[in-house]
Amino acid sequence: MSYMPLTDSMFLMAESREHPMHVGGLQLFTPPEGAGPDYVRSVVDTMRSHTAVSSKFGRRPADPVGILGTTWWSEVDSIDLEYHVRHSALPEPGRIRELFQQVSLWHEALLDRHRPMWEVHVVEGLEDGRFAVYYKVHHSLVDGVSALRYMTLALSPDPDDREGLVVWQPGLGRRRKVTPAEEAPKGLLPFNPLSTAKQIGGLTGEVLGMLPASLKVARTSIQDHDYKAPFQAPHTIFNVPIGGARRFVAQSYSLDRIDAVRQKAGATVNDIVLAMCGGALRAYLDELNALPDRSLTAMVPVSLRKEGAESSSNAVGAVIATLATDLTDPVARVTTIQDSVRAARRVMGELSPLQVLALSAANIAGLAPGMLPGYPSGARPPFNLVISNVPGPREAMYWNGAHLDGVYPASIPWEGQAANITICTNNRNLEFGITACRTSVPHVQRLVHHLEDALTELEKAFT
């Protein structure tokens with residue numbers, strides 16, 4: 001057996017039927033030229049042929065039904081790959097809509113704690129001839145950023161590579177070079193709050209209790225109307241208790257389109273992504289007659305790197321930013337978001353690195369009260385939703401000759417945070433994955449259409 005850190009155990013303790021604690025990812029592939037009707041079956045057979053399993057993917061909680069926390073991992077003697085690697089086919093007509101419906105069902109189901117807590121679903125039957133692979137893995141094993149990294153490590157930039165590596169393979173990280181997070185597109189910041197929470201969990205009480213940082217932030221929140229502090233968000237349909245059913249939708253958007261808007265607006269990619277989300281959320285809530293007068297806010301990444309300094313994947317903090325959903329003008333929305341992000345950067349620029357971590361911890365800690373029994377559902381939310389970015393492949397990638405067309409992250413809705421938007425880079429695309437509580441967030445697929453409308457609106461506004 002091996003020791004399980006508290007930062008891993010907390011995701012097991014927090015899990016319930018209403019709160020599955022696994023992350024996932026959906027990959028879309030085009031089979032190689034000349035692939036026959038049995039190609040997808042061969043994909044499954046290739047995956048199952050890799051019977052050697054790394055220690056991370058070959059362990060389970062030593063006490064699967066413990067409710068007071070688990071402190072040990074138990075290594076399993078053998079892996080049933082027919083259980084972990086599953087082969088499915090979509091019902092006709094095999095549209096992307098049917099694929100998302102199936103992924104939604106898989107993503108809401110709890111993982112079996114008596115086995116290593118991961119699954120792979122290989123899906124054929126899409127009407128355009130492509131196939132899909134959906135991964136899910138418990139957050140106690142790997143966080144969202146690491147999960148996507150494992151998925152990327154199994155890919156190859158060579159279309160003739162037929163090695164067919166798999167995420168659970170021992171030594172995978174030594175056999176494939178993955179593009180580091182700091183090489184993300186200019187202005188798009190790699191950040192995932194639950195991944196960051198594991199790092200922050202190791203901070204001492206001395207760091208988290210720094211009084212000077214708290215006083216600086218409190219003073220700024222009063223004096224600077226652009227700065228958004230936790231618990232200034234309006235109540236929305238996203239900020240309610242959630243059930244266990246999930247809805248997952250996704251869409252790709254050209255990075256070239258977003259970058260063209262960025263250049264004309266004098267903004268960052270992150271600013272334009274937030275403006276897209278703000279415009280889409282405004283239209284979505286307006287359709288439901290649920291748009292509040294005050295702007296929604298989101299917990300988002302912000303760069304802490306000073307002008308001229310070398311890039312660093314660690315120079316990212318978790319802040320609260322406005323989404324300017326109270327504004328109809330897309331140009332004004334971009335400007336307001338920029339002002340909000342700059343205000344957050346000014347605050348963090350006055351703090352020490354340890355104080356920055358403390359402030360990020362305080363923002364992320366806003367997720368915690370909703371997990372406490374009896375927490376009032378009508379309480380003002382710390383923010384309305386999380387919008388995060390995870391680094392993906394920066395060039396065309398293949399698996400066993402099949403071209404990777406899309407990679408879409410599926411994240412974890414939280415109590416009082418019924419929707420999550422996670423963005424992943426893939427070659428020259430930004431891939432948006434939206435995961436939501438099926439009951440609390442109706443017709444979530446409409447958000448995908450509104451994101452496209454918001455980008456088109458920005459393109460017209462900055463021509």
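Before any of the text, the structure's been laid out above.
Residues numbered from 1 in each chain as written. Predicted model: local features only at pLDDT ≥ 70, side-chain atom pairs only at ≥ 80, totals over all residues. Heavy atoms only, no water.

## Thoughts on the packing of aromatic side chains
What counts, and what does not: Stacked, edge-to-face and tilted are the three classes for Phe, Tyr and Trp ring pairs, Trp counted by its six-membered ring, which pair at centre distances within 6.5 Å; planes under 30 degrees apart are stacked, over 60 edge-to-face, the rest tilted. A helix here means a DSSP run of H or I that spans at least four residues, while a strand means a run of E at least two residues long, and both kinds are numbered starting from the N terminus. Accessibility here uses a 1.4 Å probe with only protein chains present; expressed as a share of the type maximum, an area under 20% marks a residue as buried, one over 50% as exposed, and anything in between as partly exposed. By definition here, charges over rings are those cases where NZ of Lys or CZ of Arg is within 6 Å of the ring centre and within 35 degrees of the ring normal.
Counted under the stated rule, the structure contains ten aromatic pairs. When the ring of F57 is compared with that of W118, the centres are 5.8 Å apart and the planes differ by 80°; the resulting orientation is edge-to-face. Pair noted here: F57 is in the loop between α2 (39-48) and β3 (59-61) and W118 is in strand β6 (residues 118-124), with a separation of 61 residues, a long-range link. Neither F57 nor W118 differs from the other in exposure class; each is buried. With a centroid separation of 5.9 Å and an interplanar angle of 15°, the aromatic rings of W106 and Y134 are classed as stacked. Separated by 28 residues along the polypeptide, W106 in helix α4 (residues 96-108) and Y134 in strand β7 (residues 131-138) bring together distant segments of the chain. Sitting over the ring of Y83, R86 keeps its end group 4.4 Å from the ring centre.

## Topic: the sheet that holds β7
The following threshold applies: When DSSP finds two or more bridges between a pair of strands, those strands are recorded as paired. Two residues form a contact once any of their heavy atoms are found within 4.5 Å. Axes, fitted as lines to C-alpha atoms, cover a helix only where it is in contact. Angles between the N-to-C directions of the axes lie from 0 to 180 degrees.
Strand order in the open sheet made by the six strands is β5-β6-β7-β2-β13-β12, with mixed pairing throughout. The open sheet has two edge strands, β5 (85-89) and β12 (398-399), and neither has a second partner. Note that strand β2 (residues 22-30) and β7 share eight bridges and pair antiparallel. Bridge pairing in β7 places H22 opposite H138. Where α4 meets the sheet, it contacts β2, β5, β6, β7 and β13 (402-410), and its direction lies at approximately 155° from that of β2. In the packing of helix α5 (residues 144-153) onto the sheet, contacts are made with β2, β7 and β13, and the angle to β2 comes to roughly 30°.

## Some thoughts on the pairing of β5
Applied cut-off: Crossovers are marked right-handed if the path from the first strand over the helix to the second runs clockwise, as seen with the strands pointing away from the viewer.
Across five bridges, the pairing between β5 and β6 is parallel. Counted as the bridge partner of A89 is E124 from β6. Once you follow β5 into α4 and on to β6, the crossover reads as right-handed.

## Notes on the environment of M348
Looking at where M348 falls in the secondary structure, it is placed in helix α12 (residues 330-349). For the pair M348 and G317, spaced 31 residues apart in sequence, the C-alpha to C-alpha distance is 8.3 Å.

## Quick look at unusual backbone geometry
For the bond running from E92 to P93, omega is 10°, close enough to zero to count as cis. Positive phi values are uncommon outside glycine, yet A324 reaches one of about 55°. Here A324 shows up in the loop between β10 (316-322) and α12.

## Focus on the pattern of salt bridges
Going by this rule: Salt bridge, as applied in this entry: a Lys or Arg side-chain nitrogen positioned within 4 Å of an Asp or Glu carboxyl oxygen.
Summed over all chains, the structure comprises 14 salt bridges. Here E119 and R86 are joined by a salt bridge, their closest N and O atoms 3.3 Å apart. Taken together, the positions of E119 in strand β6 and R86 in strand β5 put the pair 33 residues apart, joining distant regions of the chain. Classification of R86 by relative accessible area gives partly exposed; the value is 25%.

## A look at helix α14 (residues 446-461)
The condition that has to hold: To estimate how far a helix should reach, multiply one less than its number of residues by 1.5 Å.
In a regular helix each residue adds 1.5 Å, so 16 residues correspond to 22 Å; α14 covers 22 Å between its end C-alpha atoms and thus fits that length. On its buried face, α14 is in contact with β8 (246-254), α10 (255-265), α11 (269-287), α12 and β15 (429-437).

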